[in-house]
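Secondary and tertiary structure notes
Each chain is listed here by its residues.
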Amino acid sequence: METILDWIFILGGLIGLFLGGEALVRGAVGIARRLAIPPLLIGLTVVGFGTSTPELLVSVDAALRGVPDIAIGNIIGSNIGNILLIVGLSALVWPIRVMGGTLRRDTAVMMAAALALLPLFWMGQVGTLPGAALIAGLIGYLVWAYMQPGPDTGEVDTSPMLPLWQAALWVAVGLAALMLGARFLVDGAVNVARGYGISEAFIGLTIVAIGTSLPELATSLIAAIRRQSEIAIGNIVGSNIFNVLGILGVTAVIAPIPVAPRFASFDLPVMIAASALLTALLLLRPVIGRVAGVGLMLAYAAYVWSAQG
C-alpha cells in the first residue's frame, strides 16, 4: 500500500509541476506585457525562470532535506533530458531549422556553464561561494544578452493581454502548485528509491529530472508543432543555462551540496558531451532532421540504461 501511495505522490507531484509551471509562465508573461517589459527580457527572465522553477524548488527542497543526490541528479538529468530527449522529440515532430549565428552566444554560455562544473564536482561539494559565483555568472549573462539582443526575429505577440489582477492570480496559483508538486515528487521519489533499493541519484537523474522538465517539454513540442524552431531550441538552451548557473547556484547558497563521485565521473561528462553535440548540430548543420532526432532519443535511452549502474 505504501508503494502505491508513493507512486500516487510522484504522479500528483508531476501533474502539479506541469500545471504550476504553465500557470506561472502565463501569469508572469501577462504581468511583464502589462508593464511594457521588452519581449527579449521576458523570454530570458520570465519564461526562462518560469519553466525552470520546478527544478529550483525540487533541488532546494531535496538539499534541505538531506538528499543531495536528488538535488544534483535533478539538475544534471534535466539538462541531459532537455537535449537528448526533448530536442529529439521536437525534431521528430518537425525538423528544426535555426540560423547558426542566432544562438552562437547562448550555446557558448551553455558550454561554459557545463565545463565550469568540472572542478566543482571533482572537489566533491558545491558550497556557498561557488554557488554565489554561479549566480553572478547568470546575472552577467542576462545583462550581456539584454545589451546585445541579436537580430530581431520580427515576431509580434498578438495574443490578448490578461488583466493585471488575473495575471497575478495565475502567478500565485502557479507558485502554490509548484511548491506542492515539488514536495510530493521528492517525497514519493525518495520512498520509492529506498523501497526498491534504487539509488537516489538514479531517481533524481530520470523520474525527477524529466518531471521537472515537463514545462520545457511542453513549450518545445508546441513550438515545434507551430514550426517555430528558434523558440523550440532557444527554450532548451536557455533552460540549461538557468539550471546550472541559477538553480544550482541558488541551491548551493541556501544549502551547500555534497557531490557523489558518480556525478563527476559519469553523469557530468555525459551532460558536457550532449551540450557539445547540440552546439555542433546548431552551428554546423542547417537543420536538425528526424534522423538526428531519432539518434538523440536513442542516445538518451542508452544513457538511462547505463545510469542504472
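Now for a description of the structure that goes with this document. (Residues numbered from 1 in each chain as written. Predicted model: local features only at pLDDT ≥ 70, side-chain atom pairs only at ≥ 80, totals over all residues. Heavy atoms only, no water.)

Once that is clear, we can look at the pattern of salt bridges. For the coordinates displayed, the defined rule picks out four salt bridges. With its nearest N and O atoms 2.8 Å apart, the salt bridge here joins Asp61 to Arg65. Asp267 is the partner of Arg262 in a salt bridge, and the nearest nitrogen-oxygen pair spans 2.8 Å. Connected through shared salt-bridge partners, Asp61, Arg65 and Asp187 make up one network. (Salt bridge = Lys/Arg side-chain N within 4 Å of Asp/Glu carboxyl O.)

Taken as a whole and assessed by the stated rule, the structure comprises three aromatic pairs. A ring pair is formed by Phe266 and Tyr303, whose centres lie 5.8 Å apart and whose planes are at 20°; its orientation type is stacked. One end of the pair, Phe266, is in helix 10 (residues 261-284); the other, Tyr303, is in helix 11 (residues 290-307), with 37 residues separating them in the sequence. On the basis of relative accessibility, which here comes to 28%, the residue Phe266 falls in the partly exposed class. (Phe/Tyr/Trp six-rings, centres within 6.5 Å; stacked < 30°, edge-to-face > 60°. Helix = DSSP H or I, 4+ residues; strand = E, 2+ residues; numbered from the N terminus. Buried < 20%, exposed > 50% of the residue type's maximum accessible area, 1.4 Å probe, protein only.)

By size, the foremost hydrophobic cluster in this structure holds 82 residues, and its most contacted members are Ile76, Leu117, Phe121, Ile233, Leu248 and Leu278. If sequence neighbours within four positions are ignored, Leu248 has contacts with Ile72, Ile75, Leu117, Phe121, Val126, Leu134, Asn243 and Ile257. (Core = buried A, V, L, I, M, F, W, Y, C linked by side-chain atoms within 4.5 Å. Contact = heavy atoms within 4.5 Å.)

Attention shifts here to helix 10. Owing to its 3.6 residues per turn, the α-helix brings residues three or four apart onto one side. Over its 24 residues, helix 10 runs 34 Å from end to end, which matches the ideal 34 Å to within 8%, given 1.5 Å per residue. Of all the bends in helix 10, the largest measures some 35° and sits at Asp267, one to four residues before the proline Pro269. (Expected span 1.5 Å × (residues − 1). Bend = angle between axes of the 7 residues up to and from the residue.)

This part is about helix 5 (residues 128-147). Taking 1.5 Å of rise per residue, the 20 residues of helix 5 would be expected to cover 28 Å, and the 29 Å separating its terminal C-alpha atoms lies within 8% of that figure. Looking only at helix 5, the buried set comprises Gly131, Leu134, Leu138, Tyr141, Leu142 and Ala145. Around the axis of helix 5, the buried residues are gathered within 95° of arc, so they sit on the same side. When the buried face of helix 5 is taken as reference, the exposed residues oriented beyond 90 degrees from it are Leu129 and Met147. (Arc of directions from axis to C-beta.)

This part is about a nonpolar patch on the surface. Judged by side-chain polarity, Leu11, Ile15, Phe18 and Leu19 come together as a nonpolar surface patch covering roughly 370 Å² of accessible area. For Leu19, the location among the structural elements is in helix 1 (residues 2-34). Residue Leu19 is classed as exposed on the basis of its relative accessible area of 51%. (Patch = residues over 30% accessible without salt bridge, like charges linked within 9 Å, V, L, I, M, F, W, Y side chains within 5 Å. Areas by Shrake-Rupley, 256 points an atom, 1.4 Å probe, with all protein chains shown as cover.)

To characterise two packed helices, one gives the angle between the axes of the helices and the distance between these axes. Between helix 5 and helix 9 (residues 229-254), the shortest axis-to-axis distance is 7 Å and the interhelical angle comes to 145°. Pair helix 5 / helix 9 crosses with left-handed handedness. Listed contacts from helix 9 to Thr128, Gly131, Ala132, Leu134, Ile135, Gly137, Leu138, Tyr141 and Leu142 of helix 5 are Ile241, Phe242, Val244, Leu245, Gly246, Leu248, Gly249, Val250, Ala252 and Val253. Here the contact of helix 5 with helix 9 is built from residues that sort into 14 nonpolar, five polar and no charged. (Axes fitted to C-alpha atoms, helices over the stretch in contact; angles between N-to-C directions. Left-handed = near helix turned anticlockwise from the far one by under 90°. Nonpolar A, V, L, I, M, F, W, Y, C, P; charged D, E, K, R; others polar.)

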